[in-house]
Amino acid sequence: MRDVLVSVLAVMLVCSSLAYSQDLSAKDITSLPNDFALSYSDELIGIVPAENSYIDITRNKGASDGSCTLVSGILSVFRHGGPKTKDPTLTKRLTKEQCLELYKDAVRMGFFELNNRYTDEKVSGGYGVTMSITADGKTQTVKAINVQVAEITALITKLQKLMK
């Protein structure tokens with residue numbers, strides 16, 4: 001239990017230092033890209049059928065206020081390699097400012113420079129998360145299996161706050 005507490009505190013320290021870093025490129029961002037989108041899902045590796053969670057954020061096309069829509073829910077998988085079914089449990093409108101801040105945080109944390117995959121090969125099965133962000137015609141997808149990536153953890157925390 002003590003090891004878990006130490007690990008959680010270490011992740012919180014890393015995340016808080018990332019959130020307050022002063023990266024010039026993030027400070028220079030003044031507008032949200034028209035194609036901004038964020039997608040997150042988690043999964044239990046090797047467990048089927050399974051119910052996992054997901055969060056999707058997309059820019060509302062044609063909306064004069066520049067808002068986004070957040071949808072979260074259950075992602076059901078019934079067999080390996082089979083189709084995934086999304087069952088939304090929450091739909092929420094986010095302001096342009098909320099989406100812009102999320103985008104700035106991703107840039108500030110270096111999300112677009114992360115590797116595509118982080119994994120602990122010593123663990124069979126386990127838990128994984130996938131996050132994709134699209135902006136200015138580029139999509140960065142990061143998958144973490146049995147490891148915590150501080151930037152993804154920090155962004156998940158921000159997403160959870162937006163869902164309240």
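Residues numbered from 1 in each chain as written. Predicted model: local features only at pLDDT ≥ 70, side-chain atom pairs only at ≥ 80, totals over all residues. Heavy atoms only, no water.

Enquirer: So what about the environment of Q140? Which residues, and what values?
Expert: Assignment of secondary structure puts Q140 in strand β7 (residues 138-145). Separated by 25 residues in sequence, Q140 and N115 place their C-alpha atoms 9.1 Å apart. Among residues more than four places away in sequence, those in contact with Q140 are F111, F112, L114, N115, N116, M131, S132 and I133. In this structure the side chain of Q140 is engaged in a polar contact, spanning 2.7 Å, whose partner is the backbone oxygen of L114. (Helix = DSSP H or I, 4+ residues; strand = E, 2+ residues; numbered from the N terminus. Contact = heavy atoms within 4.5 Å. Polar contact = N/O pair within 3.5 Å; in protein donor to acceptor, adjacent residues only side chain to side chain.)

Enquirer: Break down the sheet that holds β7 for me, citing the residues and quoting the values.
Expert: Here 7 strands make up an open sheet; going across it, the order is β4-β3-β2-β1-β6-β7-β5 and the pairing mixed. This sheet does not close on itself; its edge strands, each paired only once, are β4 (84-94) and β5 (117-119). When the angles between neighbouring strand axes are averaged without regard to direction, this sheet yields 15°. One ladder, built from 9 bridges, connects strand β1 (residues 37-45) with strand β6 (residues 126-135); its direction is antiparallel. Within β6, the residue paired with D42 across the bridge is V129. Along the sheet face, helix α3 (residues 96-109) touches β1, β2 (50-59), β3 (68-77), β4 and β6 and points at about 115° away from the line of β4. (Pairing = 2+ DSSP bridges. Axes fitted to C-alpha atoms, helices over the stretch in contact; angles between N-to-C directions.)

Enquirer: So what's going on with the state of the cysteines? Which residues, and what values?
Expert: Among covalent bonds in proteins, the disulfide is the one between the sulfur atoms of two cysteines. Taken as a whole and judged by the stated rule, the model has 1 disulfide. Each sulfur in the disulfide pair C68 and C99 lies 2.5 Å from the other. With C68 in strand β3 and C99 in helix α3, this pair connects stretches of sequence that are 31 residues apart. Of the two residues examined, C68 and C99, each falls in the buried class. (Disulfide = S-S within 2.5 Å. Buried < 20%, exposed > 50% of the residue type's maximum accessible area, 1.4 Å probe, protein only.)

Enquirer: Describe a nonpolar patch on the surface, naming the residues involved and giving the relevant values.
Expert: On the surface, a nonpolar cluster with roughly 280 Å² of combined accessible area is contributed by L44, I47 and Y127. Residue position: Y127 is located in strand β6. (Patch = residues over 30% accessible without salt bridge, like charges linked within 9 Å, V, L, I, M, F, W, Y side chains within 5 Å. Areas by Shrake-Rupley, 256 points an atom, 1.4 Å probe, with all protein chains shown as cover. Salt bridge = Lys/Arg side-chain N within 4 Å of Asp/Glu carboxyl O.)

Enquirer: Quick one: what's the story with the packing of aromatic side chains, residue by residue and with numbers?
Expert: Inspection of every chain in the model, using the stated rule, returns 3 aromatic pairs. Ring centres 5.9 Å apart and planes at 65° place the aromatic pair F36 and Y103 in the edge-to-face group. Of this pair, F36 sits in the loop between α2 (24-27) and β1 while Y103 sits in helix α3, placing them 67 residues apart in sequence. An aromatic cluster is built from F36, Y103, F111 and F112, whose rings are joined through pairwise contacts. Seen from the ring of Y54, K86 lies directly overhead, with NZ or CZ sitting 4.8 Å from the centre. (Phe/Tyr/Trp six-rings, centres within 6.5 Å; stacked < 30°, edge-to-face > 60°. Lys NZ or Arg CZ within 6 Å of the ring centre and 35° of its normal.)

Enquirer: For the environment of K92, give the residues involved together with the corresponding values.
Expert: Inspection of the secondary structure puts K92 in strand β4. The residues touching K92, leaving out its near neighbours within four places in the chain, are C68, T69, L70, L162, M163 and K164.

Enquirer: Help me get a handle on unusual backbone geometry, residues and values and all.
Expert: Despite not being glycine, D136 shows a phi value in the positive range, around 55°. Mapped onto the elements of the fold, D136 is located in the loop between β6 and β7. For D136, a relative accessible area of 55% puts it in the exposed group.

Enquirer: So what's going on with the pattern of salt bridges? Which residues, and what values?
Expert: Per the stated rule, a full pass over the model turns up 5 salt bridges. The partner of D65 in a salt bridge is R93, and the shortest N-O contact between them spans 3.1 Å. Placement of D65 in the loop between β2 and β3 and of R93 in strand β4 is noted, with a sequence separation of 28 residues between them. Across the pair D105 and R108 runs a salt bridge whose closest N-O atoms are separated by 2.5 Å. In this pair, D105 and R108 both sit in helix α3, 3 residues apart, roughly one turn of the helix. According to the relative accessible area criterion, R108 is buried, its value standing at 18%. Residues joined in a network through salt bridges with shared partners are D105, R108 and K158.

Just distances and angles here, no functional claims.
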